Amino acid sequence: MTQFDELAEIYEEFSRLPFRRELEFPSVLGVLGDLSGLRVLDLGCGSGVYSRTLARCGAGRVVGLDESGGMIDHARVRESAEPLGVSYAGGRLPAALAGGFDVVLGVYVLPYATTYAELTGLCRTAADALRPGGRFVTLPIHPGVHHDPGHYERYGFRLTTGRSPEDGSPVDLELRFAAYETHVTARYWSAATLERALRETGFGPVRWRSHRLSPSAAAGPPGFWQPYLSAPHAAILDTRKEDSPS
Ligand SMILES: C[S@@+](CC[C@H](N)C(=O)[O-])C[C@H]1O[C@@H](n2cnc3c(N)ncnc32)[C@H](O)[C@@H]1O
């Protein structure tokens, strides 16, 4: 059992909130750019929200990978109800898929590494999945996350980090919207540690990318989004697997 096995439905609902629709998805998809024909692994795919979106965006092949049986079951049910050609794998990356991807996307998965070894393990899974030169785009907790637990409440969640979070220290994520309320324990990782883990697993320079609003949200009053944009709770890291030394 993992802390996510019973949470597929709430993550589905969470993905419908304005915060994700108007800010997170446009940011991630904007960073990914044109996916036409590309082979994409959705690492820590959860209920398959991004896997389905990537398929609709024209990716040539999409595989969702997650260690939570409950999440994978839910994602497969969605695929049967509305086939998009996404396949899902539970547990570890199947050996047959190693090196077979142009892009790995990992949204909110690095925060669930509880130790540095688990953090490098997740980065290594991404590296193993990619062809040389392939991209890894991933969203950890932002090292500059706001320390007021109520700062993100208007977006559907509260985050409690403590004043001086350190590598591996717990971050309480409370999803709180509509009739839902649940807690998940994530972990804080500093910028230096995230970059070290990526470097040690074969990735090149890391670009820290900015969030962007959807065109409709950008055309509206900025007040609602300003607190998030001034201190995003997640960073968007964009890096490439280095070519192996010959
Ligand atoms: C917060 S959910 C995010 C799900 C999805 N990416 C989304 O954006 O809705 C984090 C997911 O990462 C998965 N996860 C955590 N550690 C993992 C690991 N080592 N390997 C595969 N999946 C993992 C969890 O089971 C969970 O489904």
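Before reading on, note that the structure itself is shown above.
None of these values were measured; they are calculated from a predicted model.

Asks: Quick question: what am I supposed to make of the overall build of the protein here?
Replies: Assigned secondary structure in the protein consists of eight helices and ten strands. What you see for the protein is a C-alpha radius of gyration of 17 Å, in line with the 18 Å of a compact globule of 246 residues. Referenced to the eigenvectors of the C-alpha coordinate spread, the extents of the protein come out at roughly 50 × 40 × 40 Å. By the burial criterion, 52% of the 246 residues in the protein qualify as buried. Surface exposure of the protein reaches about 10900 Å², of which carbon and sulfur atoms provide 51%. Here the protein contributes 25 positively and 29 negatively charged side chains, and the mean placements of these two sets differ by 5 Å.

Asks: Quick question: what am I supposed to make of the environment of serine 214 here?
Replies: By the element assignment, serine 214 lies in the loop between strand S9 (207-209) and helix H7 (215-219). On the basis of relative accessible area, serine 214 is assigned to the buried category, the value being 7%. As for serine 214 and leucine 23, which are separated by 191 residues in sequence, their C-alpha atoms are 6.1 Å apart. Excluding anything up to four places from it in sequence, serine 214 contacts Glu22 and Pro26.

Asks: Sorry, what's going on with the site of the ligand here?
Replies: Surrounding the ligand, one finds 16 residues, the nearest of these being Arg20, Gly44, Asp66, Glu67 and Val107. In the environment of the ligand, an oxygen atom lies 2.8 Å from a nitrogen or oxygen atom belonging to the side chain of arginine 20. Contacts to the ligand include valine 107, whose backbone N or O atom sits 2.9 Å from a nitrogen atom. The fraction of the free accessible surface of the ligand (600 Å²) that becomes covered by protein chains is 92%.

The rules behind each value
- Residues numbered from 1 in each chain as written.
- Predicted model: local features only at pLDDT ≥ 70, side-chain atom pairs only at ≥ 80, totals over all residues.
- Heavy atoms only, no water.
- Helix = DSSP H or I, 4+ residues; strand = E, 2+ residues; numbered from the N terminus.
- Rg over C-alpha atoms; globule rule 2.2 N^0.38 Å.
- Buried < 20%, exposed > 50% of the residue type's maximum accessible area, 1.4 Å probe, protein only.
- Areas by Shrake-Rupley, 256 points an atom, 1.4 Å probe, with all protein chains shown as cover.
- Lys, Arg positive; Asp, Glu negative; His and termini not counted.
- Charge placed at Lys NZ, Arg CZ, Asp CG, Glu CD.
- Contact = heavy atoms within 4.5 Å.
- Near = heavy atom within 4 Å.
- Polar contact = N/O pair within 3.5 Å; in protein donor to acceptor, adjacent residues only side chain to side chain.

Interpretation note: all reported values are geometric properties and have no functional meaning in isolation.
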